[in-house]
Amino acid sequence: MKTLKDLFVHTLQDVYYAEQRIMESLPMMIEKAETNELRNVLNAHLAETEKQIQRLDEVFEFVDEAPSTEECEAVDGLLEEAEEVMSEIDDKSVLDAGIIAAGQAVEHYEIARYGTLIAWADQIGLSQAKGLLEQTLEEEKRADKLLTEVALQNVNRQAAE
Ligand SMILES: [Fe+2]
Ligand SMILES: [Fe+2]
């Protein structure tokens, strides 16, 4: 890797891998989720994730690269942890708290990655790619916020019981 553009492409491949792994993991989280609120948030984000992968395909075009993945150990670790949490917790409401926590760790990872890609796209002069990445960043931030809201609703509900 020599240039910022090389690093940009490398990180793009890393995020492309991450989004695909997330796509694979979300259905299991949805299946395990106890409350409708959490299931709805995860379902909506699954649909968004599909769009995000398509946006990444477009970003690859802007840098004249065929879409390809670079294994990302960070997201593998986060998703393995999520799977562990889901298999180890029996109490349903605690399970939701665990799923939310795991989901937010993934969202924060994505927020960091997309923030970096946007800054680099700006520096390299890829304004259209930057616009696409910004759309995705907004979705990641919203997903994170919605997970926080579901967590707070659950806390409130349990406090009321
Ligand atoms: Fe994503
Ligand atoms: Fe996400």
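So, a few notes on the structure that sits alongside this text. (Residues numbered from 1 in each chain as written. Chains lettered and ligands numbered in written order. Predicted model: local features only at pLDDT ≥ 70, side-chain atom pairs only at ≥ 80, totals over all residues. Heavy atoms only, no water.)

In terms of helices and strands, the protein carries five helices and zero strands. In terms of principal-axis extent, the alpha carbons of the protein reach across some 55 × 25 × 20 Å. Pairs at least 24 residues apart make up 80% of the contacts formed inside the protein by residues separated by at least 6 positions. For the protein, the accessible surface area stands at approximately 8500 Å², while carbon and sulfur atoms represent 48% of it. Across the protein, the 14 positively charged side chains and the 36 negatively charged ones have centroids separated by 5 Å. (Helix = DSSP H or I, 4+ residues; strand = E, 2+ residues; numbered from the N terminus. Contact = heavy atoms within 4.5 Å. Areas by Shrake-Rupley, 256 points an atom, 1.4 Å probe, with all protein chains shown as cover. Lys, Arg positive; Asp, Glu negative; His and termini not counted. Charge placed at Lys NZ, Arg CZ, Asp CG, Glu CD.)

The coordination sphere of the iron ion (ligand 2), as far as protein atoms go, consists of His45 (NE2), Glu107 (OE), Glu107 (OE), Glu110 (OE) and Glu140 (OE), spread over 2.0 to 2.6 Å. When the donor residues of the iron ion (ligand 2) are listed from N- to C-terminus, their spacing reads H-x61-E-x2-E-x29-E. Here the iron ion (ligand 2) and the iron ion (ligand 1) are spaced 3.3 Å apart, linked through glutamate 110, which binds each one. Of this pair, glutamate 107 sits in helix H4 (residues 92-124) while glutamate 140 sits in helix H5 (residues 127-160), and the two are 33 residues apart along the sequence. (Donors = N, O, S within 2.8 Å, 3.2 Å for Na, K, Ca; no water.)

With that settled, the discussion passes to the coordination of the iron ion (ligand 1). Summarising the metal site, the iron ion (ligand 1) is bound by the protein donors Glu19 (OE), Glu19 (OE), Gln52 (OE1), Glu110 (OE) and Glu140 (OE), whose distances to it range over 2.0 to 2.3 Å. In primary-sequence terms, the residues that donate to the iron ion (ligand 1) follow E-x32-Q-x57-E-x29-E.

With that settled, consider the packing of aromatic side chains. Applying the stated criterion across every chain yields a total of one aromatic pair. With centroids separated by 5.2 Å and ring planes inclined at 75°, the aromatic side chains of tyrosine 16 and phenylalanine 60 adopt a geometry described as edge-to-face. One end of the pair, tyrosine 16, is in helix H1 (residues 4-32); the other, phenylalanine 60, is in helix H2 (residues 36-62), with 44 residues separating them in the sequence. Phenylalanine 60 shares its class with tyrosine 16; the two are buried. (Phe/Tyr/Trp six-rings, centres within 6.5 Å; stacked < 30°, edge-to-face > 60°. Buried < 20%, exposed > 50% of the residue type's maximum accessible area, 1.4 Å probe, protein only.)

Here we come to the environment of valine 63. Tracing the backbone shows valine 63 in the loop between H2 and helix H3 (73-88). A residue is classified by how much of its surface remains accessible, and valine 63, at 2% relative accessible area, is buried. Separated by 54 residues in the primary sequence, valine 63 and valine 9 place their C-alpha atoms 7.7 Å from one another. Excluding residues within four positions of it along the chain, valine 63 makes contact with Lys5, Phe8, Val9, Leu12 and Leu126.

Right, let's talk about a nonpolar patch on the surface for a bit. A contiguous nonpolar surface patch, about 270 Å² in accessible area, is contributed by Met1, Leu4 and Leu7. Here leucine 4 shows up in helix H1. (Patch = residues over 30% accessible without salt bridge, like charges linked within 9 Å, V, L, I, M, F, W, Y side chains within 5 Å. Salt bridge = Lys/Arg side-chain N within 4 Å of Asp/Glu carboxyl O.)

In the structure shown here, the tally under the stated rule is nine salt bridges. The partner of arginine 55 in a salt bridge is glutamate 139, with the nearest N and O atoms 3.0 Å apart. With arginine 55 in helix H2 and glutamate 139 in helix H5, this residue pair connects regions lying 84 residues apart in the sequence. Overall, the relative accessible area of 10% leaves arginine 55 in the buried class. On the basis of relative accessible area, glutamate 139 is assigned to the buried category, the value being 7%. Residues lysine 130 and glutamate 134 are paired through a salt bridge, measuring 3.8 Å at the closest nitrogen-oxygen approach. Here glutamate 134 and lysine 130 lie together in helix H5, a separation of four residues that amounts to about one turn.

Without other data, these values stay purely geometric and don't point to any function.
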